[in-house]
Every structure is written in C-alpha cells, then in structure tokens.
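Listed here are the chains, written in short residue letters.
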Amino acid sequence: MDICRSKSAIRALVAQWRSQSVPVVLAPTMGFLHNGHLSLMRRARLRAGETGKVVASIFVNPTQFGPNEDLDSYPRDEARDLELLRLEGVDAVFIPEVSEIYDPEAQTIVETTELARMLIGKLRPGHFRGVATIVTKLFNIIRPDAAVFGEKDYQQLAVIRRMVQDLDMEIEIIGAPIQREADGLAMSSRNVRLSPADRARAPVLARALDQAEELAPSGITASRLRSHVRATLEAEPRAQVQSVDIRDAATLAPISGPLTRPAVLLLAVKFGTVFLIDNRVVHPAKERT
Ligand code: AMP
C-alpha cells in the first residue's frame, strides 16, 4: 500500500495507473476508521475490480467544522488506520497535512446553495461549503473514476451528487449503506467520545427509526410519523434532540400528508457534547414489494 502525503506523490501514482487504463475509486474519510469506513473500501473494491485501484483519503478537514465544534478533539490514530487499510487491501492512502491542502491565500470555495442550507446545514452553517470544497479538491487531486460515500451522511451524499451534476464532474458517485453496532447505533468515529452512560442510551436513535419504518406503511401522515419519532427520542432524558425531519428521500424537499413516496427521516441528537446523526428511508405500503 502506497502512503502519499503530498499532492504530487498521489498525482504521480494515479497518473501511472491511469496510463494502464485501470479504474481508480476513491473513498474519502476523516480517519479513526471503523467498520463503516471499511465497508466503503469494500464497495470501492467491488467497483474497481481486481485490477482496478482503491484509494482512501484521510483528512480531518478544518473548513467543515464550525468555531465551536470538535475539530481539536476529533479522534485520530494514524498508525491504526493505516494498518486497517492495509489489511483491507487498499492500494493507496492520501494523508496530507492541512498546509498541503489549503493555501492561506485561497479565495475560491464550492457552495451548493439551497440543499446545503437546510437540515444539518442550518445546524452547522458553512459545514457543507467545507465538504463541497474539500471533495472537489480531492476529486481534482486524485481524479478518480468513481467515489464512495456513506448513506450515514445522507444530506452530504445528496450535496455531493448535486454538485457533481451541476459542475459536470465526470465522476460516478456511489452510496454505501449505514453500518451499525450490534445494538443498532450507527458506527461513527465520534462514538468513542460518548460517556458509558450516554453510549448505553444512544441506540435510541436506531430504535426510533425502527419504529418509524414499521409505522410508515400504515397510512400515517408525515407529520405524525415525525412527531412519533421525536417523542421516542425525547423520552430519553440524556438525549438532547437537535432536529427530527422527514423529507422526500430523493430531493430532501419537505413533505406533508400521507406518505406517497419513499421518505427519509433525518435525526440529529446530542449526547453530552457529542453530535450524532442517523437516518432511515421509509416506504408507504404500496411501495413495498
Ligand atoms: P467520516 O470519516 O465520518 O467523514 O466518514 C467518511 C465516510 O464514511 C463518509 O462517506 C461517511 O458517510 C462514511 N461513513 C461513516 N460512518 C458510516 C457508517 N456507519 N456506515 C456507512 N458509512 C459510514
């Protein structure tokens, strides 16, 4: 496995692969890897094939963190991450310093307008501008044929799909399903920062989503489904509910009345200082096969 810390090193490596006409698939991460990340590497391998190349990136991107967020306390373990990626059969890792990526004189950003201002974008102003900018930079540095992102960050995936379409980027975007712990908690690098008491209670997000999935085919309205989920979360005293939304699963547009199309429930909940998100696409009865 090649470890590239500079843009020039990863560019030279990918150029060499490109001259052999093999597909290159990127899976971007912020490190402190867990099984959710490793599932992206496996999905990337599926797309790349035996002869293709899988590139992981590890970069805790400062521009997607707000001033009062957890950039400084974001967990890191480079040696462990590299070992996990090596065991997974990843071909190369791009792991730059912040100074390699951001020129202090830079003046250009990438912004997805409406989609990035709603939902998590409202709770974390500027977050998706940071995401869209770093993903564009990674795409330009590595020039992959395809890139894999987790459905865990549902809105992020929507923002990236929109950006790629709007800016005519010739990169296939692949979504990968949410990986969960045995008790249902969606895997996240932030889970290690939960206190034992909060960790014990955090599966309430998955439980609320399970209930929503069961209720969705009953003809329930979007707003009642949302209230039901909120009530389940609020019954957990350790959970500070930040937002509960129900949106059209394809467009993230607000919905009302009985469900007629797939809808996505999007949750953001804080436990102590730890910000957790989760989501589930639910289906009305006639959608079910
Ligand atoms: P992060 O390191 O948190 O920025 O995540 C890097 C990528 O891994 C993103 O595309 C995430 O959506 C994805 N990811 C994180 N957690 C999970 C999970 N539990 N299941 C699937 N994908 C995930």
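In the block above lies the structure referred to throughout.
What you see is a predicted model, and the numbers here were worked out from it, not measured in a lab.

## Let's talk about the sheet that holds strand S2 (residues 24-29)
Right, on to step 1. The strand order across the open sheet formed by six strands is S1-S4-S3-S2-S5-S6, and the pairing between neighbours is parallel. Where the open sheet ends on each side, the last strands, each with one partner, are strand S1 (2-4) and strand S6 (172-176). Shown here is a sheet whose adjacent strand axes are inclined to one another by a mean of 25 degrees, direction ignored.
Right, on to step 2. In this sheet, strand S3 (residues 53-58) lies alongside S2 in parallel orientation, the contact comprising six bridges. Bridging from a neighbouring strand, Val-24 pairs with Lys-53 of S3.
Right, on to step 3. Packed onto the sheet, helix H2 (residues 35-48) meets S2, S3, strand S5 (146-150) and S6 and runs at close to 170 degrees relative to S2.
Right, on to step 4. In the packing of helix H3 (residues 78-87) onto the sheet, the strands contacted are S1, S3 and strand S4 (92-94), and the crossing angle to S3 comes to about 165 degrees.

## Notes on helix H11 (residues 222-234)
Right, on to step 1. Taking 1.5 Å of rise per residue, 13 residues should cover 18 Å, and H11 covers 18 Å from first to last C-alpha, within 8% of that figure.
Right, on to step 2. Those residues of H11 not exposed but buried are Ala-222, Leu-225, Val-229, Thr-232 and Leu-233. Seen end-on, H11 carries its buried residues on one side only, within an arc spanning 100 degrees.
Right, on to step 3. The inward-facing, buried residues of H11 contact helix H10 (204-215), strand S7 (239-248), strand S8 (263-271) and strand S9 (274-282).

## Quick word on the sheet that holds S9
Right, on to step 1. Pairing is antiparallel in the open sheet, where three strands are placed in the order S7-S8-S9. Whereas interior strands pair on both sides, the edge strands pair on one side only; in this sheet they are S7 and S9. Taken over all neighbouring pairs, the strand axes of this sheet differ in orientation by 15 degrees on average, direction set aside.
Right, on to step 2. As judged from the nine bridges shared by S8 and S9, these two strands associate in the antiparallel manner. Across the sheet, the residue bridging to Lys-270 is Phe-275, located in S9.
Right, on to step 3. Contacting S8 and S9, H10 crosses the sheet at an angle of about 15 degrees to S9.
Right, on to step 4. In this fold H11 packs onto S7, S8 and S9, with an angle of close to 160 degrees to the strand it touches most, S7.

Basis of the calculations
Residues numbered from 1 in each chain as written. Predicted model: local features only at pLDDT ≥ 70, side-chain atom pairs only at ≥ 80, totals over all residues. Heavy atoms only, no water. Pairing = 2+ DSSP bridges. Helix = DSSP H or I, 4+ residues; strand = E, 2+ residues; numbered from the N terminus. Axes fitted to C-alpha atoms, helices over the stretch in contact; angles between N-to-C directions. Contact = heavy atoms within 4.5 Å. Expected span 1.5 Å × (residues − 1). Buried < 20%, exposed > 50% of the residue type's maximum accessible area, 1.4 Å probe, protein only. Arc of directions from axis to C-beta.

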